[in-house]
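Each chain, written out:
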2 protein chains.
Amino acid sequence: MISKLVEEIKKKDAPVVVGLDPQLKFIPGYILDKKYEEFGDTLEAVAEAFYEFNVGIMDAVADLVPAVKPQVAMYEQYGIPGLIAFKKTVDYAHKKGLVVIGDIKRGDIGSTSESYAIGHIGSVSVGSSDKKVIFPFEEDIVTVNPYLGSDGVKPFIDVCNKEDKGIFVLVKTSNPSSGEFQDQKIDGRPLYELVADKVNEWGLTSMDGDYSNVGAVVGATYPEMGAELRRLMPKAYILVPGYGAQGGSGKDLKGFFNSDGLGAIVNSSRGIIAAYQNEKYASFGEKAFADASRAAVEDMLKDIRENI
Amino acid sequence: MISKLVEEIKKKDAPVVVGLDPQLKFIPGYILDKKYEEFGDTLEAVAEAFYEFNVGIMDAVADLVPAVKPQVAMYEQYGIPGLIAFKKTVDYAHKKGLVVIGDIKRGDIGSTSESYAIGHIGSVSVGSSDKKVIFPFEEDIVTVNPYLGSDGVKPFIDVCNKEDKGIFVLVKTSNPSSGEFQDQKIDGRPLYELVADKVNEWGLTSMDGDYSNVGAVVGATYPEMGAELRRLMPKAYILVPGYGAQGGSGKDLKGFFNSDGLGAIVNSSRGIIAAYQNEKYASFGEKAFADASRAAVEDMLKDIRENI
């Protein structure tokens, strides 16, 4: 799968992923009003509004970027209807030719991680003779939490190998308190470097072209660590959250990339999807929220292309 | 919430939780056949089979135990229909007076963790005037992954305080490779002890009677660490997975409890729910799978009461 993502990144000259993380406050009022009228004051109304919002953004940016990254928490927050909107978003992204990175950050003991892996990037067999094969969520790549160690991650890799899918393992996250545990020194090295060593080890079991299907998450908010981790994990693609709203900018990103401009993909969520609420793009107005998102993607691409 | 759980544990003299982790191989054939006939070879059929199975077990054990712990991965594996079965299981458990521990192991950056917290133990406001309040999944307690640090955990605690709910933070998990990161020494102390320190710190912000709404997960498979962690986290209730199928037994458990028999709750999943497949309870037969589960709970209670 990583080779497919790399190919799409090259084709569009865009090492960028749009985070589809809808929140009520981002949704234009006219969409919400319409859905409340149709579905009443229900979870369904919010979920349908999220989906219409996502479709608008995907239609506007699908020719510019290789991938989208829906954050499942935003959908799960609205229960079953929210998760239906998540699944519909994944399916629509595929129709638009986008790689889907499910930001699920799952991780558990072995047999349980296997269930997450199967549900999100794999398939189940159902029916009295086990003949009907169904891909329940069908993302292409998912994010994985490593705290439980190898036996919580390997089931994901097994599914990657079976179905040609990928994972990004949390190594150094973008949030302010990520250092509380991740930066703790073990024999002089931070914990996140030990996780990076494991990403290398796991990655060798799922190579796909120049890179591995086992990538890493390293926040844009920690650029020095990004450069060091780029060096330490030569075969791992790095998913870089934290650009834009969380504080990272293009000049912070050079170190995450290899000299050929590959090796990393940068996520922006609210900076893109809520661009119309940003003073810079306010002239678009809420009806043209998707055009504002397209303009924000173009600006982000310019910033990144200039800096890497 | 923890005071309610403690009260139920005392009332039933049962520091035990039944893990509702259905897998296809555990479901009696007659239930599956019936559902495939009704729903075809679909995810719905499996989900409905899981739910009927869970209802049978809850009906059989609800007077014996204070709580159930559905592992969401087992449901998520079957997509949206699976998650509907999860939600129905939570609702049915509440009808039976059981405390519901959602084993979700979520954890993300602050704003995203907030969405998980709201979705699982909190409420959303929907509608044009924000007046309709809905609890999307409505578990009572959820498990949380601490790898992202305080700002990934605090949103859960805020929701605990608002809605009188609880969390169990992963400290030392029951799986074989849990030591890869969790046991790494930082200034001479294992990482899981640093997490335990944080559980104490976080816990002080959500006290509820003698214990905190912020508990900890410590695997039965690591009894020495359990005794040490019991001492290090005096206000944290400890959720102990790994009893039975994963290798832990009653004699390993004494150290997890305080001298008054409180302070821990032990989970068993397949040892209870798939008891009818165990030679010891095979005489029940698959039609009486729930009676086999009840017998297994009674044996587990005896084992634990004798050993703590």
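Reading the values: rules and limits
- Residues numbered from 1 in each chain as written.
- Chains lettered and ligands numbered in written order.
- Predicted model: local features only at pLDDT ≥ 70, side-chain atom pairs only at ≥ 80, totals over all residues.
- Heavy atoms only, no water.
- Least-squares fit on C-alpha atoms with pLDDT ≥ 70 in both.
- Contact = heavy atoms within 4.5 Å.
- Buried < 20%, exposed > 50% of the residue type's maximum accessible area, 1.4 Å probe, protein only.
- Helix = DSSP H or I, 4+ residues; strand = E, 2+ residues; numbered from the N terminus.
- Pairing = 2+ DSSP bridges.
- Expected span 1.5 Å × (residues − 1).
- Core = buried A, V, L, I, M, F, W, Y, C linked by side-chain atoms within 4.5 Å.
- 1 Å grid on protein atoms, 1.4 Å probe; cavity = no way out; pocket = protein on both sides within 12 Å on 5 of 7 lines; lining within 4 Å.
- Points joined across faces, edges and corners; volume = space filled by probe spheres on them.
- Nonpolar A, V, L, I, M, F, W, Y, C, P; charged D, E, K, R; others polar.
- Polar contact = N/O pair within 3.5 Å; in protein donor to acceptor, adjacent residues only side chain to side chain.

**Quick notes on the relation of the copies chain B and chain A**
Between the two copies of this chain, the relationship is a rotation about some axis together with a displacement along it. When chain B is fitted onto chain A, the two copies agree to an RMSD of 0.0 Å after a turn of 180° and an axial shift of 0.0 Å. This pairing of chains is accounted for by a two-fold axis. Distance from the rotation axis, computed per C-alpha, reaches its smallest value in chain B at Ile186 of chain B: 2.7 Å. Mapped onto chain A, 100% of the interface residues of chain B again fall at the interface, so both copies present the same surface.

**Focus: the pairing of strand β12 (residues 236-240) of chain A**
Residue and element names in this part refer to chain A. Of all 5 residues that make up β12, 5 are buried, and the element is covered over most of its length. Side chains Ala236, Ile238 and Val240 of β12 all project onto a buried face; the interleaved residues Tyr237 and Leu239 project onto the opposite face, where all are buried too. Where strand β11 (residues 211-218) lies against β12, 3 bridges are found, and the strand directions are parallel. When the sheet's bridge partners are listed, Val217 is paired in β12 with Leu239.

**A look at helix α9 (residues 191-203) of chain A**
All names here are of chain A. Taking 1.5 Å per residue as the helical rise, α9 with its 13 residues ought to reach 18 Å, and the 18 Å between its terminal C-alpha atoms agrees with that figure. The element α9 is extensively covered by neighbouring structure, given that 10 of its 13 residues are classed as buried. Restricting attention to buried positions, one finds in α9 the residues Leu191, Tyr192, Glu193, Leu194, Val195, Ala196, Lys198, Val199, Trp202 and Gly203.

**A word on the nonpolar core**
Core analysis: the largest hydrophobic core is formed by 244 residues, its most contacted members being Ile167 of chain A together with Ile167 of chain B. In contact with Ile167 of chain B, other than residues within four places in its own chain, are Ile121, Ile141, Val142, Val144, Val153, Phe156, Ile157, Cys160, Asn213, Val214 and Gly215 of chain B.

**Digging into the layout of surface pockets**
Estimates place the volume of the largest pocket at around 310 Å³. Surrounding the largest pocket, 15 residues form its lining, Gln23, Leu24, Gln77 and Tyr78 of chain A together with Ile118 of chain B being those nearest its centre. Those elements that provide at least two residues to the lining of the largest pocket are α6 (110-121) and β4 (124-126) of chain B. Counting residues per element, the lining of the largest pocket draws most heavily on α6 of chain B, at 4 residues. A class-by-class count of the residues in the lining of the largest pocket yields 5 nonpolar, 6 polar and 4 charged.

**Some thoughts on the pairing of strand β13 (residues 264-268) of chain A**
Residues and elements named next belong to chain A. The buried fraction of β13 amounts to 5 of the 5 residues, a majority that puts the element mostly inside the structure. Here β13 shows a buried face lined by Ala264, Val266 and Ser268 and a second buried face lined by Ile265 and Asn267. Across 3 bridges, strand β1 (residues 16-18) lies against β13 in parallel orientation. Each residue of the ladder has a partner; that of Val16, found in β13, is Val266. Looking at chain direction, β12 and β13 are connected through 3 bridges and run parallel.

**Things to note about the side chain of Asp140 of chain B**
Residue and element names in this part refer to chain B. Relative to the helices and strands, Asp140 is located in the loop between β5 (132-134) and β6 (141-144). Judged by its relative accessible area of 5%, Asp140 is buried. Within polar-contact distance, the side chain of Asp140 engages the backbone nitrogen of Val100 at 2.8 Å. Setting aside residues up to four positions removed in sequence, Asp140 forms contacts with Met1, His94, Leu98, Val99, Val100, Ile121, Lys165 and Gly166.

**Re unusual backbone geometry**
At Lys105 of chain A, a position not held by glycine, the phi torsion is positive, near 45°. By the element assignment, Lys105 of chain A lies in strand β3 (residues 99-106).

**A closer look at the environment of Asn278 of chain B**
Residues and elements named next belong to chain B. The topology assignment puts Asn278 in the loop between α11 (270-273) and α12 (289-307). Relative accessible area serves as the criterion here: at 37%, Asn278 is assigned to the partly exposed category. For Asn278 and Ala296, which are 18 residues apart along the polypeptide, the C-alpha to C-alpha distance reads 9.8 Å.

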